Amino acid sequence: MKQSRYTVSVTDADGATILYNTLTQTLAVCPDGVSAQDAPSLAEEGLFVADDADEVTALRARYARDCATTENFCLAIAPTLECNFACPYCYEREVKHAGLMSTATQDALVAWIERNFKALGSSKLKILWYGGEPLMGLSVIERVSALLLEAGLPLEATAISNCGLVTPEVAAKLAACKVQRVTATLDGVGATHDAHRPTLSGKPSFDAIIAGLGNLLEAGIEVGCLFNEDRGNSAEYDQLKAYLDQTLPQVELTASQVFDYCQCLDKCADFTREKYDLFTDPQEFALRQYQRSVATYGLSDQLLAGLMTPLRLFCSRQAHTYFVIDEAGRLYECDGDVGYTDRALGSIFDDQLPAHAPYDPFVDPLCEPCAYLPLCMGNCRWTRDCTGASCAPQKAIIQEVLHDWRTLLDKGGEGVRILRPATIPDLEGTEPYTLWL
């Protein structure tokens, strides 16, 4: 009998050992530490396994099936890489190609989508309108969407936009293009945001974005907001959340860590030294996020179980039927690569659908032995390109999380106590993985 490869353990303040299995979500506490005589009861909940147990093959096979599923044909399409904003932390600032996707490229794109959707046997076509600022190419979005709908394709769409151009008329057009959700970014309230996300002409953008979000909601489009956070604007998060709760309560706010992607990609000089103080300790930002969640939603088993839920795929990039397409029809496997033409996989004008670069976290020397693998499935490969590592944030704050979970659920008593029984994942099921952009 041995500890499961996916069981992590921490020593609590009173010397007790807390065990958690990242695949089965089993939680246990051993007041006097783990002893050999505890193994049988811990094995019943998957925290311990037989010495010859194979914990990898079925999980790896499900991961491979999820990567290869053709249920969804998922595309992030940039009708233009031009932008009306001049955000200094933008990783695309060196690749803003001029111009819109031409009519000829639009026609080729629609033909490419139709051909491959049919060849893959997909059931859903999911498009994320991307950029640049995609609404600077609204005419392209309208025309391509109309052609896809005329062809009878089951289109579902989302968009990432700065929302500075969203009038009521624009919102209505997006709804007609089957756009169901738009994600915008606000980096604070008023002047703080404006300093982080000015328009290309240097004018403030906050008020225009707020108006745009309201127009989207009026058109029946769901809205989410990111808060790109560094230490300098971190205190603004609570003010921004309070502002949104009062003015646009339907909008969910999520903080995102600012990285120095430009330097990491070797495309331009370091932009962080003068204006930005980044979170360089992995624990710092993760702990802040965790504490915000607890403050917002309250400490509960549901919250902690959600935080510690195993993933099937980390992101759309891992799906073989996901591609990012720029205004010239070039194909990429990650939105972080778009515009960097040396990273293109191919083109919509090619006969064959290109393959993604092979990646398997189960043979990755950093990921394969890690007990946290079920929580991240390799995490963000683009961030890893930039930072040299990209681990599940839970790994950095496991001590705090498991302590809080034990405090919440442990009613006391003698000997080993199972605080949460195992939830056995379905590793053999044939239900296709559904990816939503």
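The structure under discussion appears in the preceding block.
Attention here is on the structure that accompanies the text.

Quick notes on the rules
Throughout this document, residue positions are counted from 1 along each chain, in the order its sequence is written. Given that the model is predicted, a residue must reach a pLDDT of at least 70 before its local features are reported, and side-chain atom pairs must reach 80 or more before they are shown or counted; all residues, however, enter totals for whole chains, interfaces and linings. Calculated side-chain values reflect all of the structure's heavy atoms, with hydrogen atoms and water omitted. Strand pairing is defined by DSSP finding a minimum of two bridges between the two strands. Helix and strand labels come from DSSP, where a helix needs a run of H or I of at least four residues and a strand needs a run of E of at least two; each type is numbered from the N terminus. The contact rule is simple, with two residues in contact once any of their heavy atoms fall within 4.5 Å. Interaxial angles span 0 to 180 degrees and are taken between N-to-C directions of axes, which are lines fitted to C-alpha atoms, for helices over the stretch in contact. Note on terminology: a nonpolar core comprises buried Ala, Val, Leu, Ile, Met, Phe, Trp, Tyr and Cys residues joined through side-chain atoms within 4.5 Å. Each residue is assigned to one of three classes by its accessible area relative to the maximum for its type, calculated with a 1.4 Å probe on protein chains only: buried under 20%, partly exposed between the two thresholds, exposed over 50%. To estimate how far a helix should reach, multiply one less than its number of residues by 1.5 Å. Directions pointing from the helix axis toward each C-beta atom define the arc. Note on ring pairs: Phe, Tyr and Trp rings are taken, using the six-membered ring of Trp, and paired if centres are within 6.5 Å. Classes follow the plane angle, with under 30 degrees stacked, over 60 edge-to-face and the rest tilted. Charge-over-ring contacts are defined here by two conditions on Lys NZ or Arg CZ: a distance within 6 Å of the ring centre and an angle within 35 degrees of the ring normal. Under this definition, polar contacts are N or O atom pairs within 3.5 Å; protein pairs additionally need one hydrogen-donor-capable and one acceptor-capable atom, and for neighbouring residues in sequence, both atoms have to be side-chain atoms. In the sections that follow, a salt bridge refers to a side-chain nitrogen of Lys or Arg positioned within 4 Å of a carboxyl oxygen of Asp or Glu.

By definition, the strands of a sheet pair up through backbone hydrogen bonds, in either a parallel or an antiparallel sense. Ordered in space as S11-S10-S9-S8-S7-S6-S12-S13-S14, the nine strands form an open sheet in which the pairing is mixed. With partners counted over all chains shown, the strands left at the sheet margins are strand S11 (252-257) and strand S14 (346-347), one partner each. Relative to strand S10 (residues 222-229), strand S9 (residues 179-185) runs parallel, the two being bridged by five bridges. Counted as the bridge partner of Thr 183 is Gly 224 from S10. Contacting strand S6 (72-77), strand S7 (124-129), strand S12 (322-325) and strand S13 (330-332), helix H3 (residues 103-120) crosses the sheet at an angle of about 160 degrees to S6.

Let us now look at unusual backbone geometry. Residue Gly 131 is joined to Gly 132 through a cis peptide bond whose omega torsion reads 15 degrees. Counting through the fold element by element, Gly 132 comes out in the loop between S7 and helix H4 (138-150). Notably, Gln 25 is not glycine yet its phi reads approximately 65 degrees, a positive angle. Its place among the elements puts Gln 25 in the loop between strand S3 (17-21) and strand S4 (27-30). Although it is not a glycine, Lys 178 adopts a positive phi angle of roughly 65 degrees. Assignment of secondary structure puts Lys 178 in the loop between helix H5 (168-176) and S9.

In terms of nonpolar packing, the biggest core is built from 62 residues, with Leu 75, Trp 112, Ile 113, Leu 125 and Leu 213 touching the most fellow members. Ignoring anything within four residues of it in the chain, the contact list for Ile 113 reads Phe 73, Leu 75, Ile 77, Leu 125, Leu 148 and Leu 153. Listed in part, the 29 residues of the second largest apolar core include Cys 67, Tyr 130, Cys 367 and Met 377.

Its 13 residues give H4 an end-to-end C-alpha distance of 18 Å, which sits within 8% of 18 Å, the value for a rise of 1.5 Å per residue. Among the residues of H4, those classed as buried are Leu 138, Val 140, Ile 141, Val 144, Ser 145 and Leu 148. All buried residues of H4 lie within an arc of 150 degrees about the axis, which places them on one face of the element. Backbone geometry just downstream of H4 places Gly 152 in the positive-phi region, at approximately 80 degrees.

The geometry of two aromatic rings is summed up by the distance between their centres and the angle between their planes. Inspection of every chain in the model, using the stated rule, returns seven aromatic pairs. Ring centres of Phe 73 and Trp 112 lie 5.6 Å apart, and the angle between their planes is 40 degrees; this geometry places the pair in the tilted category. Here Trp 112 lies in helix H3 and Phe 73 lies in strand S6, a separation of 39 residues in the sequence. The exposure class assigned to Trp 112 is buried, which follows from its relative accessible area of 1%. Among the aromatic residues, those joined into a cluster by ring pairs are Phe 73, Trp 112 and Phe 323. Residue placement shows Arg 292 over the ring face of Tyr 237; its charged tip is 4.0 Å from the ring centre.

With respect to the helices, strands and loops of the structure, Asp 12 is situated in the loop between strand S2 (7-11) and S3. Among the polar contacts made by the side chain of Asp 12, one reaches the side chain of Arg 406 at a distance of 2.9 Å. Sequence-distant contacts of Asp 12, defined by excluding residues within four places in its chain, comprise Ile 18, Gln 399, His 403 and Arg 406.

Spatially, the four strands line up as an open sheet ordered S2-S3-S4-S15, and their pairing is antiparallel. Pairing within the sheet leaves two strands with one partner each, and these edge strands are S2 and strand S15 (417-420). Shown here is a sheet whose adjacent strand axes are inclined to one another by a mean of 25 degrees, direction ignored. Bridge count between S3 and S4: four bridges; the pairing is antiparallel. Note on S4: the bridge partner recorded for Ile 18 is Val 29. Across the sheet, helix H16 (residues 398-409) lies against S2, S3, S4 and S15, angled at about 80 degrees from S2, the strand it touches most.

With that settled, the discussion passes to the pattern of salt bridges. Scanning all chains against the criterion turns up 20 salt bridges. A salt bridge links Glu 229 to Arg 292, with the nearest nitrogen and oxygen atoms 2.7 Å apart. You can see Glu 229 sitting in strand S10 and its partner Arg 292 sitting in helix H11 (residues 282-297), a full 63 residues away along the chain. For the salt bridge of Arg 330 with Asp 326, the shortest nitrogen-to-oxygen distance reads 2.9 Å.

Just distances and angles here, no functional claims.
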